[in-house]
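Structure assessment
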Amino acid sequence: MELQKIIAAVQEYHPRPDIELIRKAHAFAIRYHKGQTRVSGEPYITHLLEVAFLATKLKLDSSSIATSLLHDSVEDTSATLDEIEKEFGKDVSLLVDGVTKLSQIQFSSSAEAQAENFRKMLLAMAKDIRVLLVKLCDRVHNMRTLEFLSESRRFRIAQETLDIYAPLAHRLGIFWIKSELEDLCLKYLKPAIFENIVKQIHQSKREREYYIKEVVKLINKVLEENSIQGDVSGRPKHIFSIYEKMARQNLPFNEIYDLIAFRIIVPTTMDCYAALGVVHAAWKPIPGRFKDYIAMPKPNHYQSLHTTVIGPENHRVEIQIRTQAMHETAERGIAAHWAYKETGDSKSVDPSMTFQFGWLKDLIESEKLLRDPVEFLSTVKADLFPQDVFVFSPKGDVIALTQGATPIDFAFAIHSEVGKHCAGARVNGQQVPLAYKLQNGDTIEIVTADSQVPSKDWLSIVATSKAKQRIRSWLRAEERSRSISIGRELLSKDLRKVGLSLSKVSKDNALKKIASDFGLRDEDLLLAEIGYGKISTRSIVGRLVPDASDLEAKLQQEESALQKIFQKAARAFRDRSGIKVKGIDDVVCRFAKCCEPLPGDELVGYVTRGRGVAVHARGCPQTLVLDPRRMIEVTWDDKAKTPRAVKIRVYCLDQVGILAALTQTISSIGSNIVNAHVSSTLDGRAMCSFELTVDSASQFRLITRKLEDTKGVIRVERHKRGMEEL
């Protein structure tokens, strides 16, 4: 990639680009990145040039192109933001700062670092969406060159891209970035499945090209006969969408028939509906597969008519119909709204456009409310998935919700107080249960009651991140209130033994001083810590009555027998599991059933009442409802070899030798099969359930990949037992 190619690309779409700014940024990048190479061995400047060229595909302005060339300067060189502002102005400096990671801050875990980096980018992109557009270009090129990294880094970056950056591209409506990122993620997360799909697509290439040519000819003919002007094209669906359909319907590749999507681009909106009528008259439409995104656009402003018909040779054919303007928005998303003036450079897209994206407003709201970085990132991931259920309020307002949303989700979308007190719902005039799944076009009326409050069961019903977040906040507040009550009761009991009362020591501000000694803000937090079991009442009483030696001996005697039991159980668990709890040697632990972490997974402990510490995988959805103050640091003991049991399900074709192939694959990687169960169905498929022992999360991923590579396997998934009761 050469700088001149980037400049030429900018000049094609921009009336008066600041070429000098781009050249200056290029020279600055060469100077500061001199001698640096990527893992591939290429000079680092090649990455910056590739990112800048990708930015021209989005038709970004000169400041964005300069930012693309400078985006790693602060993070990877001695350059500072002050230097960049001095050389290139405040606009470029703010963009570079938004894209730069928080590399100078030490975080307690990689999950926390990832969350805080994204939090920073989110705030920057809320002010200027160009931050995210440059970051997406950076991620595309990083994914294109991912093969040069270690396997563990490839897996981590690909998973992060699939969870965050591909959905962000979708939310911004940039289809080509979304598709490429998803395909590259599949390549590194499930390489065997990716290669298998690519191979089968290649084998059927000639037949597919012939079929596309014939169908395009037929569509052009029926449009011409009805005096409709249109540009017709066909293309294969991208690899990830084929994989999703195979996984969702448990189908092998040769049973996926609608591999091709056809597009009709017409001059006007009225022509879209006319073309739809012509297509439906020519071929039989499949019921339930028609969607009108023109009348009801997607949240990312995507507009098009979608229909699936039984086309030539009885194959299912998906057809999209849109205008040229709609097509521009579909391909380039928010970047299609850039408006350059002849009088100068555009600073950004029309500012009003940024907050027309409701999901971005929701993310900003989440950022303000959620201080725990892991919970924030989990909320972001959930909120980035497509919203594709459109329902109506009694007043006729359209509300977009996540697929699978319930009346509780709708209630929280209206207002938090409505959601909290949601007692019932009527859909289209009929009473429905709160677990009812909303359908497109439903009209919902919420019934509230002051006595109704959220319950833990609601978390398994709701689908939107906003509803989950509000329910978790309420449950955590209730949990803290109960813990304060328990702490007050325990402390009162022991204070009475030395002739004191809780009200007296509170009145004297003695508890407030002790709370401060423990680094706590107030008495309530101190009582909550006692209720959680993190602070003993003995340590409080000892500070209040230093000479109460008789009580000290009595309390110690009461605890000693129980302490010995705890120590024995704790040592047994530590030896068996390889788990270490920071700062505590005699606490009883157990693995949570909801996530069943494997050696190598990041961990978090939760102090339960009466059952020790529950060990979860960090980011487990169950932990998000729990009080963060009861979290405790837990790690694997690197010296201990601790095999863990894990259950998997393999969906495959019911064919001779498949079970032998699966068991041989598992055994060859050094895993022991503890239990196995096989069941077949009448349609020639089978499900094989295995319980295995594995030494680490990386070994489990290797087993999964090898199984997916086995001929006849459709998909492999891990089976977990469900929610943990705490």
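Residues numbered from 1 in each chain as written. Predicted model: local features only at pLDDT ≥ 70, side-chain atom pairs only at ≥ 80, totals over all residues. Heavy atoms only, no water.

Another point: the overall build of the chain. Across its full length, the chain carries 29 helices and 21 strands. Relative to its full complement of 726 residues, the chain shows a buried share of 49%. Across the chain, the fraction of contacts at a sequence separation of at least 24, relative to all contacts at a separation of at least 6, is 67%. Here the chain displays about 34700 Å² of accessible surface, and carbon together with sulfur accounts for 50% of that area. (Helix = DSSP H or I, 4+ residues; strand = E, 2+ residues; numbered from the N terminus. Buried < 20%, exposed > 50% of the residue type's maximum accessible area, 1.4 Å probe, protein only. Contact = heavy atoms within 4.5 Å. Areas by Shrake-Rupley, 256 points an atom, 1.4 Å probe, with all protein chains shown as cover.)

An order of β19-β20-β18-β21 is seen for the 4 strands of this open sheet, with the pairing classed as antiparallel. Of all the strands in the sheet, just β19 (672-680) and β21 (713-719) have a single pairing partner and so form its edges. Sheet twist, expressed as the mean angle between neighbouring strand axes with direction ignored, is 20 degrees. Together, β18 (644-653), β19, β20 (685-694) and β21 form the strand contacts of helix α28 (residues 658-668), whose direction differs from that of β20 by roughly 20 degrees. (Pairing = 2+ DSSP bridges. Axes fitted to C-alpha atoms, helices over the stretch in contact; angles between N-to-C directions.)

Here we take up the sheet that holds strand β16 (residues 631-632). An order of β13-β15-β14-β16 is seen for the 4 strands of this open sheet, with the pairing classed as mixed. If you trace the sheet from one side to the other, it starts and ends with β13 (589-591) and β16, each paired once. Sheet topology places β13 next to strand β15 (residues 613-617); 3 bridges connect them, and they run parallel. What sits directly across from F591, in β15, is V615.

Once that is clear, we can look at the packing of aromatic side chains. In total, this model carries 5 aromatic pairs according to the counting rule given. Members of the aromatic cluster, joined through ring pairs, are F28, Y32 and F88. Over the ring of Y651 we find R715; its NZ or CZ atom is 4.3 Å from the centre of that ring. Over the ring of F700 we find R718; its NZ or CZ atom is 5.7 Å from the centre of that ring. (Phe/Tyr/Trp six-rings, centres within 6.5 Å; stacked < 30°, edge-to-face > 60°. Lys NZ or Arg CZ within 6 Å of the ring centre and 35° of its normal.)

One non-glycine residue, E313, lies in the positive phi region at around 60 degrees. Structurally, E313 can be placed in the loop between β5 (305-310) and β6 (316-323). Given a relative accessible area of 57%, E313 falls into the exposed group. Phi is positive for N428, close to 55 degrees, though the residue is something other than glycine. Inspection of the secondary structure assignment puts N428 in the loop between β9 (422-427) and β10 (430-432).

This part covers helix α9 (residues 130-144). Between the first and last C-alpha of α9 there are 21 Å, a value that for 15 residues agrees with the 21 Å anticipated at 1.5 Å per step. Counted residue by residue, α9 has 13 buried out of 15 residues, so it is predominantly covered. (Expected span 1.5 Å × (residues − 1).)

What follows deals with the pattern of salt bridges. Under the counting rule described, the total for this entry stands at 15 salt bridges. Between E180 and R144 there is a salt bridge, with its nearest N and O atoms 2.5 Å apart. Taken together, the residues span a long stretch of sequence, with E180 in helix α11 (residues 175-189) and R144 in helix α9 at a distance of 36 residues. R144 gets classed as partly exposed once you look at its relative accessible area, which sits at 33%. A single network of salt bridges, built from pairs that share partners, joins D61, D91 and R130. (Salt bridge = Lys/Arg side-chain N within 4 Å of Asp/Glu carboxyl O.)

A separate point is the nonpolar core. Formed by 60 residues in total, the largest nonpolar core has its most connected members in L58, I65, F88, L136, M143, I174 and I177. In terms of nonpolar packing, the next biggest core, distinct from the first, is built from 41 residues, V216, F240, L251 and F253 among them. (Core = buried A, V, L, I, M, F, W, Y, C linked by side-chain atoms within 4.5 Å.)

It is worth spelling out the confidence of the model for the chain at this point. With 80% of its residues at a pLDDT of 70 or more, the chain has an overall mean of 80. The low-confidence segment residues 346-356 (pLDDT under 50) makes 28 contacts with residues lying over four places distant or belonging to another chain. Predicted confidence for residues 560-570 stays below pLDDT 50, and this span has 9 contacts to residues more than four positions away or in other chains. (pLDDT = per-residue confidence, 0-100.)

Structurally, the position occupied by L434 is in the loop between β10 and β11 (444-448). The sequence separation of L434 and A423 amounts to 11 residues, and the corresponding C-alpha distance is 8.0 Å.

A word on the pairing of β20. In terms of burial, β20 is largely enclosed, as 7 of its 10 residues are buried. Strand direction decides the pairing type here: β18 and β20, joined by 10 bridges, are antiparallel. Within β20, the position partnered with A645 by the bridge is T693. Relative to β20, β19 runs antiparallel, the two being bridged by 8 bridges. Each residue of the ladder has a partner; that of A676, found in β20, is F690.

Here we take up the side chain of S671. Note on placement: S671 falls in the loop between α28 and β19. Among the polar contacts made by the side chain of S671, one reaches the main-chain carbonyl oxygen of T693 at a distance of 2.7 Å. Not counting chain neighbours up to four residues away, the residues in contact with S671 comprise I666, L692, T693, V694, Q699 and I703. (Polar contact = N/O pair within 3.5 Å; in protein donor to acceptor, adjacent residues only side chain to side chain.)

All right, on to the packing of helix α12 (residues 191-203) against helix α14 (residues 239-249) then. Between α12 and α14, the least distance of the axes is 10 Å, while the angle of their chain directions is 110 degrees. When the axis of α12 is compared with that of α14, the two are roughly perpendicular. Where α12 abuts α14, its residues I193, F194, I197, V198 and I201 lie against I239, I242, Y243 and M246. Per-class residue counts for the contact of α12 with α14 are 9 nonpolar, no polar and no charged. (Parallel < 35°, antiparallel > 145°, perpendicular 65-115°, else oblique. Nonpolar A, V, L, I, M, F, W, Y, C, P; charged D, E, K, R; others polar.)

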